[in-house]
Amino acid sequence: MDKKKIIIAPSILSADFSSICEALSVIESSGAEWVHLDVMDGFFVPNITFGPKFIRDIRAGSSLIFDTHLMIHQPENFIKDFADSGSDYITVHYEASLHLHRTIQEIKLSGKKAGISLVPSTPVEVLEDILPELDQVLVMTVNPGFGGQTLIPFCVDKIAKLRNMCDRKNPDCKISVDGGVNNDTISVLKTAGIDVAVTGSAFFSSLNPTEFVKILKNR
Ligand code: DX5
Ligand code: ZN
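Quick caveat, the model's predicted, so the values are computed rather than measured. All residue numbers refer to positions counted from 1 along the written sequence of the respective chain. Chain letters and ligand numbers both follow the written order, the letters beginning at A and the numbers at 1. Only residues with pLDDT of 70 or above have their local features reported here, since the model is predicted, and side-chain atom pairs are shown and tallied only from 80 upward, although totals for entire chains, interfaces and linings are computed over all residues. Excluded from the side-chain calculations are hydrogens and water; all other atoms, namely the structure's heavy atoms, are used.

Caption draft 1: Layout of helix H4 (residues 100-109). To sort residues, take the accessible area from a 1.4 Å probe on protein chains only and compare it with the maximum for the residue type: under 20% means buried, over 50% means exposed, and anything in between is partly exposed. Helix and strand assignments follow DSSP, with helices taken as H or I runs no shorter than four residues and strands as E runs no shorter than two, numbered in order from the N terminus. The complete set of buried residues in H4 reads Leu100, Thr103, Ile104 and Ile107. When H4 is viewed along its axis, its buried side chains cluster within an angular range of 100° and face the same direction. Exposed side chains of H4 directed beyond 90 degrees from the buried face belong to Arg102 and Leu109. Whether two residues touch is decided by their heavy atoms; if any such pair falls within 4.5 Å, the residues are in contact. Considering only its buried residues, H4 is in contact with helix H3 (79-84), strand S4 (89-93) and strand S5 (113-118). Trailing H4 by a residue or two, glycine 111 shows a phi angle of about 90°, which is positive. Relevant arc is that of directions from the helix axis to the C-beta atoms, nothing else.

Structure below.
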């Protein structure tokens, strides 16, 4: 059984935006290493969140790794803005950027780690050729747009397939899972081969986030 330690990336989508600094402190003291930042444009996904200014404003007060998940159409138009805002990882959607290779190069040229995310209906095989270029693949296990949804079971098989692809082509590439991660779903996701678990509603509704992070890491 795979017992490697995973990275936990709480998503502030489920935090109270009126006390965002408190939320960041909770994440920091919980033992999570990353914070996941869900940027939504109301076009690629049916919800709107925040942009680069918000990320820049919270960057100053936090030493967490900033994992920016761009759920926006044509993200290539905004790479510089999100790089300048202090993101560490910038992840774009396969479905949102036509010249994906160019977009990934732009992220890397800006000095940031580059990721691609896939919605549930996109097969992992589309990444076969570009995988060696990537620092992260973010596998969505719910349809993007909202926190608090239930993990779609067939997406677990996608992670296992991707694990195999990464082992062959780019073992340093992180496999992240996003959507419906909780106490009950974490074991099967770890067995499938994740490196990073994004957690929104389960983390912020937990009575003891530090204990919750421990459970996710050790289960
Ligand atoms: C959904 C976002 C997720 C979201 C996950 O579109 O990309 O990062 O915050 O939330 P939970 O963990 O509640 O499914
Ligand atoms: Zn996300």
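Caption draft 2: Representation of the coordination of the zinc ion (ligand 2) within the structure. On the protein side, the zinc ion (ligand 2) has His36 (NE2), Asp38 (OD), His69 (ND1) and Asp178 (OD) as donor atoms, found 2.0 to 2.3 Å from it. Classification of the site at the zinc ion (ligand 2) as octahedral follows from its six donor atoms and the range of 70 to 169° in their angles at the metal. Donor atoms (N, O, S) are those found within 2.8 Å of the metal centre, with the cutoff raised to 3.2 Å for Na, K and Ca; water is not part of the atom list, so apparent gaps in a site can occur. Mapping the donors of the zinc ion (ligand 2) onto the primary sequence yields the spacing H-x1-D-x30-H-x108-D. In this pair, histidine 69 sits in strand S3 (residues 65-71) while aspartate 178 sits in strand S7 (residues 174-178), placing the two residues 109 residues apart along the sequence. Relative accessible area serves as the criterion here: at 8%, aspartate 178 is assigned to the buried category. A site with four donors is called tetrahedral when every donor-metal-donor angle falls between 85 and 135 degrees; four donors are called square planar, and six octahedral, when opposite donors sit more than 155 degrees apart and all other angles fall between 65 and 115; any other arrangement is irregular.

Caption draft 3: Structural context of helix H1 (residues 20-30). Residues of H1 that are buried include every one of Ile20, Ala23, Leu24, Ile27 and Ser30, and no others. Viewed end-on, H1 has its buried residues packed into an arc of 130°, placing them on one side of the element. In H1, the exposed residues that point more than 90 degrees away from the buried face are Cys21, Glu22 and Ser29.

Caption draft 4: Geometry of the site of ligand 1. The full set close to ligand 1 counts 20 residues, and Asp38, Gly145, Gly148, Asp178 and Ser201 are the nearest of them. Nitrogen and oxygen atoms within 3.5 Å of one another constitute a polar contact, given that in protein one can donate a hydrogen and the other can accept it, and given that sequence-neighbouring residues count only through two side-chain atoms. One nitrogen or oxygen atom from the main chain of glycine 148 is found 2.7 Å from an oxygen atom belonging to ligand 1. Between ligand 1 and serine 201 there is a distance of 2.5 Å, counted from an oxygen atom to a side-chain nitrogen or oxygen. For the shell around ligand 1, the secondary structure elements donating two or more residues are strand S2 (34-40), S3 and strand S8 (196-199). Broken down by element, the shell around ligand 1 gets its largest block of residues, three residues, from S2. Here the shell around ligand 1 is composed, by residue class, of seven nonpolar, 11 polar and two charged. We define proximity as follows: a residue is near a molecule or strand when any one of its heavy atoms falls within 4 Å of that partner. Here the nonpolar group is Ala, Val, Leu, Ile, Met, Phe, Trp, Tyr, Cys and Pro; Asp, Glu, Lys and Arg are the charged ones; every other residue, Gly included, is treated as polar.

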